[in-house]
Amino acid sequence: MADERMLPFKERAYQHYREEIDDLRKGEALLHEKERSEIEGYRDPLSCDERREVTILLSWGGPSDGYKVYFDKDGEAIEGYYFFADWFEYEEFKLTREELNCVLSVYPVTAEWPIDWQEPRLPKLKK
């Protein structure tokens with residue numbers, strides 16, 4: 001096979017995705033028989049990062065547009081995107097820091113942290 005780096009990036013990324021999902025499924029099946037440390041090819045994650053996504057939907061139905069703002073676990077805005085979608089097509093544009101600050105100024109509720117609905121409301125079990 002030719003050097004995979006010669007493939008267009010999207011094809012190369014898809015190939016890696018398919019291989020990773022296959023390995024993930026094999027690993028999951030082996031967890032019933034072995035410990036994680038015994039599974040050949042198990043990949044310890046380098047990190048498990050948490051972030052919150054807030055979507056500001058400005059229109060929907062065709063076309064749809066709005067902003068997506070991402071916050072780290074400390075509530076700091078780390079990045080944002082403007083999105084536009086219309087009938088099976090979708091595109092995002094990364095906001096500059098200035099544009100992101102503008103979104104946060106115009107829509108301050110976006111940055112409220114924490115927000116009430118983050119707390120899970122589990123049903124009370126009968127004893």
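For the structure, check the block above.
One structure accompanies this document, and this report is about it. Counting starts from 1 at the beginning of each chain's written sequence and moves along it residue by residue. Totals for whole chains, interfaces and linings use every residue, but because this is a predicted model, local features are given only for residues with pLDDT of at least 70 and side-chain atom pairs only at 80 or more, for both listing and counting. Note that the side-chain values use all heavy atoms of the structure and ignore hydrogens as well as water.

## A word on the layout of surface pockets
Here is step 1 of the chain: Using protein atoms alone on a 1 Å grid, points that fit a 1.4 Å probe yet trap it form a cavity, whereas open point sets bounded by protein on both sides within 12 Å along at least five of seven lines form a pocket; residues with an atom within 4 Å of a point count as lining. Grid points are joined across faces, edges and corners, and a volume is the space filled by probe spheres set on the points. Here the largest pocket is characterised by a volume of approximately 340 Å³.
Here is step 2 of the chain: Lining the largest pocket are 14 residues, with Asp23, Leu24, Gly27, Tyr42 and Arg43 positioned closest to its centre.
Here is step 3 of the chain: Any residue that is not Ala, Val, Leu, Ile, Met, Phe, Trp, Tyr, Cys, Pro, Asp, Glu, Lys or Arg is counted as polar, Gly included; the first ten are nonpolar and the last four charged. In terms of residue class, the lining of the largest pocket is built from five nonpolar, two polar and seven charged.

## Details of the side chain of Lys68
Here is step 1 of the chain: Relative to the assigned elements, Lys68 resides in strand E2 (residues 64-72).
Here is step 2 of the chain: Polar contacts, as used here, are pairs of N or O atoms within 3.5 Å; protein pairs need one atom able to donate a hydrogen and one able to accept it. Residues neighboring in sequence count only if both atoms are side-chain atoms. Here the side chain of Lys68 touches Tyr90 through a polar contact of 3.2 Å, side chain to side chain.
Here is step 3 of the chain: Aside from chain neighbours lying at most four places away, what touches Lys68 is Glu53, Val54, Thr55, Glu79, Gly80, Tyr81, Phe83, Tyr90 and Glu92. Note on conventions: DSSP H or I runs of at least 4 residues are helices, E runs of at least 2 residues are strands, and numbering of each starts at the N terminus. Here, residues are in contact when the closest pair of their heavy atoms is within 4.5 Å.

## Some words on the pattern of salt bridges
A side chain with one charge can pair with a side chain of the opposite charge if their charged atoms come near.
Here is step 1 of the chain: What counts as a salt bridge is simple: a side-chain nitrogen of Lys or Arg found within 4 Å of a carboxyl oxygen of Asp or Glu. The full count for this structure, using the stated rule, is four salt bridges.
Here is step 2 of the chain: Between Arg51 and Glu79 there is a salt bridge, with its nearest N and O atoms 2.8 Å apart. In this pair, Arg51 is assigned in strand E1 (residues 51-59) and Glu79 in strand E3 (residues 77-86), connecting sequence segments 28 residues apart.
Here is step 3 of the chain: The closest approach of N and O atoms between Lys68 and Glu92, which form a salt bridge, is 3.7 Å. On the criterion of sequence distance, the pair formed by Lys68 in strand E2 and Glu92 in strand E4 (residues 89-94) is long-range, its members being 24 residues apart.
Here is step 4 of the chain: Think of it in three bands: residues with accessible area under 20% of the maximum for their type are buried, residues over 50% are exposed, and the middle band is partly exposed, with areas taken using a 1.4 Å probe on protein chains only. Residue Lys68 is classed as buried on the basis of its relative accessible area of 17%.
Here is step 5 of the chain: Residue classification places Glu92 among the partly exposed positions, given a relative accessible area of 29%.
Here is step 6 of the chain: Within this structure, Arg51, Glu79 and Lys94 form a network of salt bridges that share partners.

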